[in-house]
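Architecture and fold: a report
One letter stands for each residue in the lines below.
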Amino acid sequence: MSYTALPTAPPQFAALHGRHSSLLIEWQDDDAPLWRYWGPRLASGALPPAPLRALRPLPSFMLDHDQPLTLAPTFGVGWFGQSALLAHRSGRAFAQAFSECLLQTPDPQTLRLALTDPVAQLRLELRLHLDAASDVLTLSSRLTNLGADALDLQWLAAGTLPLPARCTAVRSYFGQHMHEFQLQTEVLSRSLWRRENRRGRTSHDNFPGAVVTTPGADADAGLVYGAHLAWSGNHQQTIEWLHDGQYQWQLGEWLSPGEGLLAPGQTLDTPEIVASCSTQGLNGLAANFHAELRARLPWAGGAMRPRPVHLNTWEGFYFDLEPAKVMALADAAAAVGVERFVVDDGWFQGRHHDRAALGDWWPDAAKFPLGLGPLVAHVRRLGMEFGLWVEPEMVNPDSELHRAHPDWALQLDGRPMLTARNQLVLDIARPEVADYLFDKIEALVRAHAIDYLKWDHNRDLSCAGLADGRPGYRAQVLAVYALMDRLRAAHPALEIESCSGGGGRIDFAVLRHAHRVWTSDCIDALARIDTQRGYLQFFPPEVMGAHVGTAPAHSTGRSQGMDFRAAVALPGHFGLEFDLRQLDAPALTQLGDWLRLYKRWRERLHHGRVWLGETGDSVVWQAHGDAAELLLLVYRTAPSTLRYMPLLRLPMLDRSARYRLRQVEPDSQIGRRSLDSTAPWLESLRGEPGALIDGAWLAEAGLALPRCKAETAFMVHLSRL
Ligand code: GLA
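All of the points below concern the structure found in this document.

The rules behind each value
- Residues numbered from 1 in each chain as written.
- Predicted model: local features only at pLDDT ≥ 70, side-chain atom pairs only at ≥ 80, totals over all residues.
- Heavy atoms only, no water.
- Helix = DSSP H or I, 4+ residues; strand = E, 2+ residues; numbered from the N terminus.
- Rg over C-alpha atoms; globule rule 2.2 N^0.38 Å.
- Buried < 20%, exposed > 50% of the residue type's maximum accessible area, 1.4 Å probe, protein only.
- Contact = heavy atoms within 4.5 Å.
- Areas by Shrake-Rupley, 256 points an atom, 1.4 Å probe, with all protein chains shown as cover.
- Lys, Arg positive; Asp, Glu negative; His and termini not counted.
- Charge placed at Lys NZ, Arg CZ, Asp CG, Glu CD.
- Salt bridge = Lys/Arg side-chain N within 4 Å of Asp/Glu carboxyl O.
- Phe/Tyr/Trp six-rings, centres within 6.5 Å; stacked < 30°, edge-to-face > 60°.
- Expected span 1.5 Å × (residues − 1).
- Polar contact = N/O pair within 3.5 Å; in protein donor to acceptor, adjacent residues only side chain to side chain.
- Near = heavy atom within 4 Å.
- Pairing = 2+ DSSP bridges.
- Axes fitted to C-alpha atoms, helices over the stretch in contact; angles between N-to-C directions.
- Patch = residues over 30% accessible without salt bridge, like charges linked within 9 Å, V, L, I, M, F, W, Y side chains within 5 Å.
- Bend = angle between axes of the 7 residues up to and from the residue.
- Parallel < 35°, antiparallel > 145°, perpendicular 65-115°, else oblique.
- Left-handed = near helix turned anticlockwise from the far one by under 90°.
- Nonpolar A, V, L, I, M, F, W, Y, C, P; charged D, E, K, R; others polar.
- Core = buried A, V, L, I, M, F, W, Y, C linked by side-chain atoms within 4.5 Å.

This part covers the overall build of the protein chain. Within the protein chain, the regular secondary structure consists of 12 helices and 38 strands. Here the protein chain has a C-alpha radius of gyration of 27 Å; the compact-globule value for 721 residues is 27 Å, and the two agree. Considered along the principal axes of its C-alpha atoms, the protein chain spans approximately 90 × 70 × 40 Å. Expressed as a percentage of the 721 residues in the protein chain, the buried residues total 60%. The long-range fraction of contacts in the protein chain, counting pairs at least 24 apart against all pairs at least 6 apart in sequence, stands at 69%. Roughly 26,700 Å² of accessible area belongs to the protein chain as shown, and the carbon and sulfur atoms make up 54% of that amount. If the 69 positive side-chain charges of the protein chain are averaged to one point and the 80 negative ones to another, these points end up 4 Å apart.

Spelled out as C-alpha cells, the structure:
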C-alpha cells in the first residue's frame, strides 16, 4: 500500500507548435500527462523552469498528493474537478487513475498518448494534432475496456483543454427552428458553465462549441480560444474554474444511459474536438476554423467548383409540385441565371402535405406519372444541374414503408411513439433499413444522374430505442455518416446539403460527408444577418446556404427590398427560393443583375478570409478576401441615430500600400439609390477609375460611409495598387 500517488519517473516535456500557437505537456512514464500550456506561440525549445509540482506550494488542509490538471483528469484518486471519464463496473471500480503513460510523436505535429489504469483496467488513447498552418488543434480519445467484465461508461470527454486564468467570458450560441446561431455572452466565474444537447442531432438549441475571450480581445486583436465538437448528435461541454485560477474545458458526446456499455475488450472512440487559439481576436480565430473546415470538405476531385446559383422550390411551391408549374419555374430560373434547380419536398409518392409519405422514396404517381425523367430532362435542357430533397432517416406512420415495417422506427417498448411533424425516426443502423434507403435513393440518383441531394432531418430524437431496447442516438449518427458515404462512393460527383429544419445539423463532422448546409428556414434578410455572423465564427461562407426569399418573408412577415435580400445572401452559397414567375420584368432584371454580380464575385467571396466588424449605429460589415483584394459588404440594419456616419476601419489592409476603391452595385442599382445622401468623395467610388486611398488611412482612421436607409447594403471593392 502506498500513501502517495506521486510519480517517480523523471518528468519530460513535449510541445507542438503551429504558426501562432503552441501547446506543451509534461509527462512521465507512470502518471497521467499534465497540461502545462496552450496559447500564443512559444519559441521552439522554450520550456517551463521545472516540473509543475515543483512550482506549486501546497495549500493547507489539502491532500498531500498534489493533482494538477491532466489531459484526462479522472474522478476518485485525488482529483476533485470535472472528470474526463465517468465509469464503473456494476457499481464498483468507480475511480480511475492512469499510472502508465506511453508517448509517441508519429510526426512533428502529432502527439499520441496511451494511458493505462491497471487497477480500473482501462486504456485511454489520446491523439492531439496541431495543424502547423491553421493553428487548429484536433483532439480525440479512445477508451478500451481491458477488464473481464462490462464497463459502464457514462462520460468520456473527447478531450480536456486548459484555458488560462486571464479568460473572462464565453460566447456561445443558442437558437431554435428559424433562429439559429444566436450569440450569448456570459462571464466566466467560479460556477460551472455547461451546455448540453440531448436532441439526437447537432441541434438548433445548443451549438456544440464556443469562443472564450480574454479582456480587451475584439474582432481583430487579443487572445481568444475556440473549440467545437465535430459531431451531429448529443453533446456536452463544460468550462470549470480550477483552484490555480485557470479553467478546464471539456467537450464530448453526451452518452445516454447504456450507450457507453463496453464489453471486455471493447473500445469507444469519441468524436473529434476542433480547437484553436488566436491572438488576432475573433476574426483570427474564424480564419483558423475556416482553414480547417476547407481542408476536410469532401469535394469531388479534391477541389471546390464555383458554387452554382440554386433555385429551391420550397417556399415557392411547398408541397404543390405540379410538373407543368415546376417546369415553368425552371424556365424562369434558367432565364434569370440559375445554375442548379432543386426540387424540394413534395415530389414522392403520396407527399401532398407533411402528414404522410416519408419513406416512400419514389415519384408520386399522380404528380409525375412518367416519373422524374421529363422534369430532369427539362431542367438539363435548360443548362441547369438537378437537385432533389430527401429526408432518409424519417418515416411517416402514414406511409407504405411504415405499414410494411412498423418495427423499423426507433421505439421503446411500452412507450408512445412520439411523432414530431407527424414523423418517426427510422433505425438506420439496421442494415436492412440502410439498404432499403440506399437502394431507393441510389436508384433515383443513378436513373437521373442527380447532382445534388438536399438531405433533411426534421425532428429531434425521442423514444430512440433500438430493436433490442438499447439507446440508438450514437448508432444513428454513425449510420447517417455511413449512408451518406455509401451514396457518395457510388456517385462520387454527388453533392449533399445537410439540412435539419434549417440549421439543426451544422458541424465539422457532417461536413466531412456533405458540401453545403441549409443555414436556417428563416430567409428574412434582417434576421439572417445575425445567424450568418454566428455561423461565420466557425464555418466558411461557401458552404452557407443563403437564399433570396420573397417579401414579405414567410418566416417573419417582414418585408425587405430585393437589393437588401440579395446583398445579405450574396456572400454565401447563393440561391433563390420563391416563385420567380410572380416577378414583373423590372424585378426580374434586377434579380438577374444580382445573379451576375454573385457570379462575378463568388471566387473572391469564397476563398480567402472573412472579417466581421461593426461601426456602431446599426452598421455591421464583413470583408472577404485578403490584404491585396477585398470585397466589403456593409449592412445598415436600422435607421441611423447619428447626424454624421462613423468611419469604418479596415485593420487587415496593408498599411504601406495604396488601394483603389470602387463601389460594387448590380447594374440595375445604378441610378436607383439606397443612400439617403452622399458626398462628393463617395460619388467618386462609383464607376471608373474609383478612388485612391492609403491603406494606413483606411486601417487606422477608416472609410467614410454614405448615409444609407435602414435595411440596405453598401458594397465596395478594394484592390491594392
Ligand atoms: C425543412 C427544411 C426546409 C424544407 C422543408 C421541407 O423544414 O429546412 O427547407 O426543405 O423541410 O419539408
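With that settled, the discussion passes to the pattern of salt bridges. The final tally for this structure, using the stated rule, is 49 salt bridges. A single salt-bridge network, built from bridges that share partners, covers R305, R307, R340, E385 and E495.

Considering all chains together, one arrives at 26 aromatic pairs under this definition. With a centroid separation of 6.3 Å and 70° between ring planes, the pair formed by F181 and F539 is classed as edge-to-face. In this pair, F181 sits in strand β12 (residues 179–187) while F539 sits in the loop between α8 (525–536) and β29 (544–548), placing the two residues 358 residues apart along the sequence. Like F539, F181 is buried. Ring centres of F564 and Y635 lie 6.3 Å apart, and the angle between their planes is 85°; on these two criteria the pair is classed as edge-to-face. Placement of the pair is F564 in helix α9 (residues 562–569) and Y635 in strand β33 (residues 629–636), with a sequence separation of 71 residues. Note on accessibility: F564 and Y635 belong to one class, buried. Within the aromatic cluster, the residues linked to one another by ring pairs are Y173, F181, F207, F289, F508, Y535, F538 and F539.

Three or four residues apart is the spacing at which side chains of an α-helix point the same way, because the helix has 3.6 residues per turn. Between the first and last C-alpha of α8 there are 16 Å, a value that for 12 residues agrees with the 16 Å anticipated at 1.5 Å per step. Within α8, 10 of the 12 residues are buried, which leaves the element mostly enclosed by the surrounding structure. Buried within α8 we find A525, L526, R528, I529, T531, Q532, R533, G534, Y535 and L536. Capping the start of α8 is the job of one residue whose side-chain oxygen sits 2.8 Å from the backbone nitrogen of L526: D524.

The ligand sits among 13 residues. The nearest are D344, D345, R421, K454 and D521. Contact distances for the ligand include 2.6 Å between an oxygen atom and a side-chain N or O atom of D344. Contacts to the ligand include D456, whose side-chain N or O atom sits 2.9 Å from an oxygen atom.

With that settled, consider the sheet that holds strand β23 (residues 385–390). Spatial strand order, β21-β22-β23-β26-β27-β28-β29-β30: 8 strands in a closed barrel with parallel pairing. Each strand of the sheet is rotated relative to its neighbour by a mean of 30°, with strand direction disregarded. As paired elements, strand β21 (residues 310–312) and strand β22 (residues 340–343) share 3 bridges and run parallel to each other. Bridge pairing in β22 places N312 opposite V342. Together, β21, β22 and β30 (573–576) form the strand contacts of helix α3 (residues 323–336), whose direction differs from that of β22 by roughly 155°. Contacts from α9 reach β29 and β30, with the element oriented near 170° to β29.

Attention now moves to a nonpolar patch on the surface. Taken together, the side chains of F75, L86 and F94 make up a nonpolar region of the molecular surface, amounting to roughly 280 Å² of accessible area. Its location among the elements puts F75 in the loop between β3 (34–40) and β4 (85–88).

For helix α10 (residues 585–606), which comprises 22 residues, the first-to-last C-alpha distance of 30 Å matches the rise-based estimate of 32 Å (1.5 Å per residue) to within 8%. A maximum bend of about 45° is found in α10 at R600. Capping of α10 at its N-terminal end is provided by D584; its side-chain oxygen lies 3.0 Å from the backbone amide nitrogen of A587.

Turning to the packing of α9 against α10, a few remarks are in order. Contact pair α9 / α10: the axes reach a minimum separation of 10 Å and the direction vectors enclose 20°. By the angle between their directions, the pair α9 and α10 is classed as roughly parallel. Crossing of α9 over α10 shows right-handed handedness. The segment α9 lies against α10, with M562, D563, A566 and A567 engaging A587, Q590, L591 and W594. Classifying every residue of the contact of α9 with α10 gives 6 nonpolar, 1 polar and 1 charged.

On to the sheet that holds strand β18 (residues 261–262). The strand order across the open sheet formed by 3 strands is β4-β9-β18, and the pairing between neighbours is antiparallel. Here the strands that pair on one side only, and so sit at the sheet edges, are β4 and β18.

Moving on: the nonpolar core. Of all hydrophobic cores here, the largest spans 180 residues; its most connected members are L128, L161, W347 and L576. Once residues within four sequence positions are removed from consideration, L576 is found in contact with H310, L311, N312, V336, V338, H547, V548, L591 and L595. Among the nonpolar cores identified, the runner-up in size contains 26 residues, and Y659, L682, L703 and L705 belong to it.

Note that H17 resides in strand β1 (residues 12–17). You can call H17 buried: its relative accessible area is 18%. Reaching out from H17, the side chain makes a polar contact with the side chain of S22 at a distance of 2.7 Å. In this structure the side chain of H17 is engaged in a polar contact, spanning 3.2 Å, whose partner is the side chain of R41. Setting aside residues up to four positions removed in sequence, H17 forms contacts with S22, R41, L42, A43, S44, G45, Q109, L130 and A132.

The subject of this paragraph is unusual backbone geometry. Between A551 and P552 the backbone carries a cis peptide bond, its omega angle lying at 0°. Relative to the helices and strands, P552 resides in the loop between β29 and α9. The linkage connecting E688 with the following residue, P689, adopts the cis geometry, with an omega of 0°. Position of P689 among the secondary structure elements: in the loop between α11 (680–683) and β36 (691–694). One non-glycine residue, Q121, lies in positive phi territory at about 55°. Given a relative accessible area of 34%, Q121 falls into the partly exposed group.

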